[in-house]
Amino acid sequence: MKAIAIQRGERQLHVLDVPKPTPDTGEALVRTLRVGIDGTDHEVIGGSHGHYPAATDHQILGHEAVGIVEDANGTELSEGRIVVPTVRRLPPGADTNEYFERGEPDMAPDGTYVERGIAGAHGFMSEYFTSPTEYLIPVPDSFWEYGFLIEPISNSEKAIELAFAARSAFDWQPESAFVLGNGPLGLLTLAMFTQRREPYATFERTYCLGRRDRPDPTIDIIERLDGTYVDSRETPVDEIGDVHEKVDMVYEATGYGKHLFETVAALAPNGVGVLLGIPDDRSFDIDGGRIHRELVLQNKALVGSVNSHVPHFERAKESLATFPDWFLDALVTGVYSPEEARDAFEDDDTAIKTVIEFSAP
Ligand code: NDP
């Protein structure tokens, strides 16, 4: 079967011919429908993130997938069911560990998990993949086209849950949110904030940060979602209070190291900033005393968040169902065949989210 992979020592994509997998006991065989591409895939190709599965010379990419059960293999799933896989798995040969036992692999520390398509395990960019059924989330048939977005949405669901939890000790009614980053993760989260579903229903005003000139398709999406576009070249994050307002929540998805510190100044008293971006090493001067003082005297909070698990995927299904068709059409700027993988991975200002389609239901 066809698989899109990188090979050790190289930085380019290959369409490999690899054996079709056979499901073990407790696993189902899934025929892949679509696999989305995100910044993490680019980091894996570039070698700055993740690592190869042990004893292989290649890594099959892809962690944002939707597929259809081809062989239920005696499990509780039924053939023909559309499913979305989670990403984290136990390392090969490991029986279990406390995080997986508790159903919280997303909270597991490095070394206690592998991530499909990212770190130590093959991903989903192949015509078929197998998975234990506990990691396959059934979704409605109508999700076969956009179900690959459930994985990135689930990362935001978890991050925002952690942010709300950090404010749960008092009566907190956030009205304003500032999304840092107009990449796919930022735009998906802005859409979550604007569809007025619990727990986001109290957000009256939303802002989204970018560094692009108009005309730009991401700015069009931000404004159609009733968000206010903020250009960081004109209004740095820590100056949003002077130009617009200090906000109750900052959601960071730029991976730009300074934004951690600027977030503190952008927050209103009692606000919370949640950080998802994964920056490279970077040094700069900061006034640590001012930031520390502001966090303490204004009851602010900062939270980091990575990955997600089954409950977040379940909530992501609900968020995806609220997104208007125009938003999904505008966000997904290209659907490619496996043979066109290199085009799908081209990253320019006209591409927002691209996806590789292996088959249709
Ligand atoms: P992208 O790289 O596609 O998007 C980042 C966006 O931020 C880009 O549009 C970029 O603008 C913008 N940006 C970067 N720096 C600035 C700046 N200084 N001012 C204004 N805008 C800026 O990534 P994704 O949307 O896929 O993901 C966002 C981040 O989250 C990444 O770092 C990714 O690695 C991380 N991530 C984290 C997860 C987690 O669980 N914690 C899960 C998935 C992703 P431009 O395009 O114009 O350069």
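What you see is a predicted model, and the numbers here were worked out from it, not measured in a lab.

Draft legend 1. View of the layout of surface pockets. Considering only enclosed or pocket space, the second largest pocket measures out at about 330 Å³ in volume. Looking at the lining of the second largest pocket, the elements with two or more residues in it are β8 (114-116) and β10 (128-132). Partitioned by chemical class, the residues of the lining of the second largest pocket number six nonpolar, three polar and four charged.

Draft legend 2. Region of interest: a negative patch on the surface. A cluster of like negative charges, contributed by Glu-340, Asp-343, Glu-346, Asp-347 and Asp-348, occupies part of the molecular surface. Following the sequence through the fold, Glu-340 ends up in the loop between β18 (332-336) and α11 (341-344).

Draft legend 3. Geometry of the domain arrangement of the protein. According to the domain assignment, the protein consists of domain 1 (2-144 + 324-357) and domain 2 (155-304). Centre-to-centre separation of domain 1 and domain 2, based on C-alpha positions: 29 Å. Contacts between the two partners involve 11 residues from domain 1 and, on the opposite side, 14 residues from domain 2. For the pair domain 1 and domain 2, the summed buried area comes to about 1200 Å², and 74% of that belongs to carbon and sulfur atoms. In terms of surface lost to domain 2, no three residues of domain 1 exceed Trp-326, Phe-327 and Ile-352, which account for 45% of the buried area on that side. For the pair domain 1 and domain 2, the number of links is two salt bridges.

Scoring rules and cut-offs
- Residues numbered from 1 in each chain as written.
- Predicted model: local features only at pLDDT ≥ 70, side-chain atom pairs only at ≥ 80, totals over all residues.
- Heavy atoms only, no water.
- 1 Å grid on protein atoms, 1.4 Å probe; cavity = no way out; pocket = protein on both sides within 12 Å on 5 of 7 lines; lining within 4 Å.
- Points joined across faces, edges and corners; volume = space filled by probe spheres on them.
- Helix = DSSP H or I, 4+ residues; strand = E, 2+ residues; numbered from the N terminus.
- Nonpolar A, V, L, I, M, F, W, Y, C, P; charged D, E, K, R; others polar.
- Patch = residues over 30% accessible without salt bridge, like charges linked within 9 Å, V, L, I, M, F, W, Y side chains within 5 Å.
- Areas by Shrake-Rupley, 256 points an atom, 1.4 Å probe, with all protein chains shown as cover.
- Salt bridge = Lys/Arg side-chain N within 4 Å of Asp/Glu carboxyl O.
- Lys, Arg positive; Asp, Glu negative; His and termini not counted.
- Charge placed at Lys NZ, Arg CZ, Asp CG, Glu CD.
- Domains from an automatic or database assignment.
- Contact = heavy atoms within 4.5 Å.
- Buried area = accessible area lost by both parts, 1.4 Å probe.

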